[in-house]
Amino acid sequence: MQIPIETFRLDNGLFVTLSEDHTAPLVAVNLWYHVGSANERAGRTGFAHLFEHMLFQGSADVGANEHFELVQRAGGTLNGSTWLERTNYFETVPSHYLEQALWLEANRMGKLLPAMTQQKLDTQRDVVKNERRWSMDNQPYGTWWERLPALCFPPEHPFHHSLIGSMEDLDAATLEDVAEFFATWYVPDNAVLSIAGDFEPAQARALVERHFGPIPRGGPRPPLPEMSLPATFGAPKREVVEDDVMLPRLFLAARAPVFGTEAHYAASVCAAILGMRRGSRLQRRLVRERQIATDAGAFTYDLAKGADLFVIDVTARPGTSAERLEAEVAHELDEIHVNGVTEAEVARAIALVGTELVAVLQSAGDRADRLSMFATYFGDPSLVNAQLSAYQRVTAESVSAFARERLGGDNRATLLYVPRASGVGDGAVVEAAA
């Protein structure tokens, strides 16, 4: 499947991608800023996630929460999200509301600072704290989102600290700190705007020029520190967490090739072989045959800088001990590490991944998001059309090579959740050798 793509760049640096499709009377507007938790400095973590909330709190011409109200009143949907390497905002609206969506995004890019107040900052700090309590601290296994990267990346690495940030850092942040962060990163020359769906390209270009063209280019941005890491941890890492949970749950991570490389696609296919749907190895052997797990999956983080993470996630069945769960997962990894995979497994995995890719690109919102992703990370949104062929080039030999090189005992970080007072482990972290 080849989707149509046009690109242009405004004088202020904003990179724009257009993908016209008149299948349905909907249009998606998707804006990626190339800033995530990795860009935060020590003592001021959590800013990228905070701005996911702050950018919905009004700008010079839009009242607090009015962005949501206007889009939803038009019959559209919207949201935002934060990740280690980016922050994105997106709307899908009926086609004739395209200009309104563009105006809303441009207004908060160009006119957020005049409307930023201490009261809004204080309110959103409290919202973030409540979100942490709800989604992490009081959620079974919820802290894995920050514990696993902290276990896998060294303390000085930009991916080490929590995506949601330190509550102490957020409490210490001043209005001036927050304004400086916004002025540095939320600027047109650090952003990608993608429009996909039912629109006329000439009209869309004119609307983008009208609403985003007057926004000034940003100033210099501090570079990220060195991101590269050795291919493996060098020795096993392990952390046991006693928590208020009913069942043991294991997250096992390995360092993997970064997103977009040929080796990444082999890792992605390996994850599908191990944990994608009922026919995968972990689902078949641990859930259905041995019945020691209630669920099992594998995936990659898809990080484009430094090193990616290959993650296995398995939850024990009632009656299965944490020790057995850990041993059974290790056995499956040892099996693929030593003996590799078959051509039939690779063909199945590629078919599943390919079907998923095609399904994603049918949606205007998902299509716009993929275009923004490839434009942000690699400067080339047309790479979205090369994904299927990249997966089809993967062979049993390349997947087996990945498993042999990256899934051995020297490249496993184990995060094991156990019911409180279970007596498994002592909560210590075993660090990799230098």
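Preceding block: the structure.
Residues numbered from 1 in each chain as written. Predicted model: local features only at pLDDT ≥ 70, side-chain atom pairs only at ≥ 80, totals over all residues. Heavy atoms only, no water.

Would you explain the overall build of the protein in this entry?
A tally of regular secondary structure across the protein gives 15 helices and 12 strands. Here the C-alpha radius of gyration of the protein, 23 Å, is about what a compact globule of 434 residues would show, namely 22 Å. Along the first, second and third principal axes, the C-alpha set of the protein runs to 60 × 50 × 40 Å. The buried share of the protein, reckoned over its 434 residues, is 56%. Look at the contacts in the protein between residues 6 or more apart in sequence, and 80% of them connect residues 24 or more apart. A total of about 17,800 Å² of accessible surface is found on the protein, and carbon and sulfur atoms cover 52% of it. The averaged location of the 57 negative side-chain charges in the protein is 3 Å from the averaged location of its 39 positive side-chain charges. (Helix = DSSP H or I, 4+ residues; strand = E, 2+ residues; numbered from the N terminus. Rg over C-alpha atoms; globule rule 2.2 N^0.38 Å. Buried < 20%, exposed > 50% of the residue type's maximum accessible area, 1.4 Å probe, protein only. Contact = heavy atoms within 4.5 Å. Areas by Shrake-Rupley, 256 points an atom, 1.4 Å probe, with all protein chains shown as cover. Lys, Arg positive; Asp, Glu negative; His and termini not counted. Charge placed at Lys NZ, Arg CZ, Asp CG, Glu CD.)

Any chance you could explain the pattern of salt bridges here in plain terms?
Oppositely charged side chains may form a pair once their charged atoms are brought near each other. As enumerated under the stated definition, the model contains 27 salt bridges in all. The closest approach of N and O atoms between R238 and E326, which form a salt bridge, is 2.9 Å. You can see R238 sitting in strand β7 (residues 237–243) and its partner E326 sitting in helix α11 (residues 322–339), a full 88 residues away along the chain. Residue classification places R238 among the partly exposed residues on the basis of a relative accessible area of 28%. As a salt-bridge pair, D334 and R412 come within 2.8 Å of each other at their nearest N and O atoms. Residue D334 is found in helix α11, and its partner R412 is found in the loop between α15 (396–406) and β11 (413–419); the two are separated by 78 residues along the sequence. (Salt bridge = Lys/Arg side-chain N within 4 Å of Asp/Glu carboxyl O.)

What am I meant to see in the pairing of strand β4 (residues 77–82) here?
Regular strands show a simple pattern: their side chains alternate between the two faces of the sheet. Side chains L78, G80 and T82 project from β4 onto a buried face, and the interleaved T77, N79 and S81 project onto a face without burial. Between the end of β4 and the start of strand β5 (residues 87–94), which pair antiparallel, lie 4 residues. (Pairing = 2+ DSSP bridges.)

Is there a simple way to explain the packing of helix α2 (residues 66–73) against helix α3 (residues 98–111) in this structure?
Geometrically, a packed helix pair is captured by the angle between its two axes and the distance between the axes. Relative orientation of the contacting elements α2 and α3 amounts to 170°, with a least axis distance of 11 Å. In terms of their interaxial angle, α2 and α3 are classed as roughly antiparallel. Seen from α2, the contacting residues are H67, L70 and V71; seen from α3, they are Q100, W103, L104, E105 and R108. Among the residues making up the contact of α2 with α3, the classes are represented as 4 nonpolar, 2 polar and 2 charged. (Axes fitted to C-alpha atoms, helices over the stretch in contact; angles between N-to-C directions. Parallel < 35°, antiparallel > 145°, perpendicular 65-115°, else oblique. Nonpolar A, V, L, I, M, F, W, Y, C, P; charged D, E, K, R; others polar.)

Looking at this structure, I do not really get helix α13 (residues 364–378). What am I missing?
Two residues of an α-helix separated by three or four positions point the same way, owing to the 3.6 residues in each turn. Between the first and last C-alpha of α13 there are 21 Å, a value that for 15 residues agrees with the 21 Å anticipated at 1.5 Å per step. Those residues of α13 not exposed but buried are R367, A368, L371, S372, M373, F374, A375, T376 and Y377. Phi turns positive, to about 70°, at G379, one or two residues after α13. (Expected span 1.5 Å × (residues − 1).)

Hey, could you run me through the nonpolar core in this one?
One recurring pattern in soluble globular proteins is that nonpolar side chains are buried together. Core analysis: the biggest nonpolar cluster contains 53 residues, and L14, F51, Y186, L193, I195, V208 and F212 have the highest contact counts within it. The contacts of L193, once residues within four sequence positions are left out, are L14, F15, V16, T17, V29, N30, L31, L102, V208 and F212. (Core = buried A, V, L, I, M, F, W, Y, C linked by side-chain atoms within 4.5 Å.)

Would you explain unusual backbone geometry in this entry?
Most peptide bonds adopt trans geometry, and most residues besides glycine take a negative phi value. A positive phi angle, close to 65°, is found at Y141, a residue other than glycine. Mapped onto the secondary structure, Y141 falls in the loop between α4 (118–137) and α5 (144–152). With a phi close to 70°, R277 is a non-glycine residue in the positive phi region. Topologically, R277 is positioned in the loop between α9 (262–275) and α10 (281–289).

What exactly am I supposed to notice about the pairing of β5 here?
Of all 8 residues that make up β5, 6 are buried, and the element is covered over most of its length. Sheet analysis places strand β3 (residues 26–33) next to β5, joined by 8 bridges and oriented antiparallel. Across the sheet, Y33 pairs through a bridge with T87, a residue of β5. Here β4 runs beside β5; their pairing, made up of 6 bridges, is antiparallel. Residue pairing across strands places G80 opposite Y89, the latter belonging to β5.

Teacher, can you tell me more about the packing of aromatic side chains here?
The relative placement of two aromatic rings is captured by the distance of their centres and the angle of their planes. In total, this model carries 28 aromatic pairs according to the counting rule given. When the ring of F56 is compared with that of F68, the centres are 4.6 Å apart and the planes differ by 35°; the resulting orientation is tilted. Residue F56 is found in the loop between α1 (47–54) and α2, and its partner F68 is found in helix α2; the two are separated by 12 residues along the sequence. For F56, a relative accessible area of 6% corresponds to the buried category. In this structure F68 comes out as partly exposed when scored by relative accessible area, which is 24%. Judged by centre distance (6.4 Å) and plane angle (15°), the rings of F299 and Y301 are stacked. Judged by relative accessible area, F299 falls into the partly exposed class, the value being 29%. Note on Y301: relative accessible area 7%, which makes it buried. Among the aromatic residues, ring-to-ring pairing joins Y33, F47, F51, F56, F68, Y89, F181, F182, W185 and Y186 into one connected group. Positioned over the ring face of W32 is R86, at 5.0 Å from the centre of the ring. (Phe/Tyr/Trp six-rings, centres within 6.5 Å; stacked < 30°, edge-to-face > 60°. Lys NZ or Arg CZ within 6 Å of the ring centre and 35° of its normal.)

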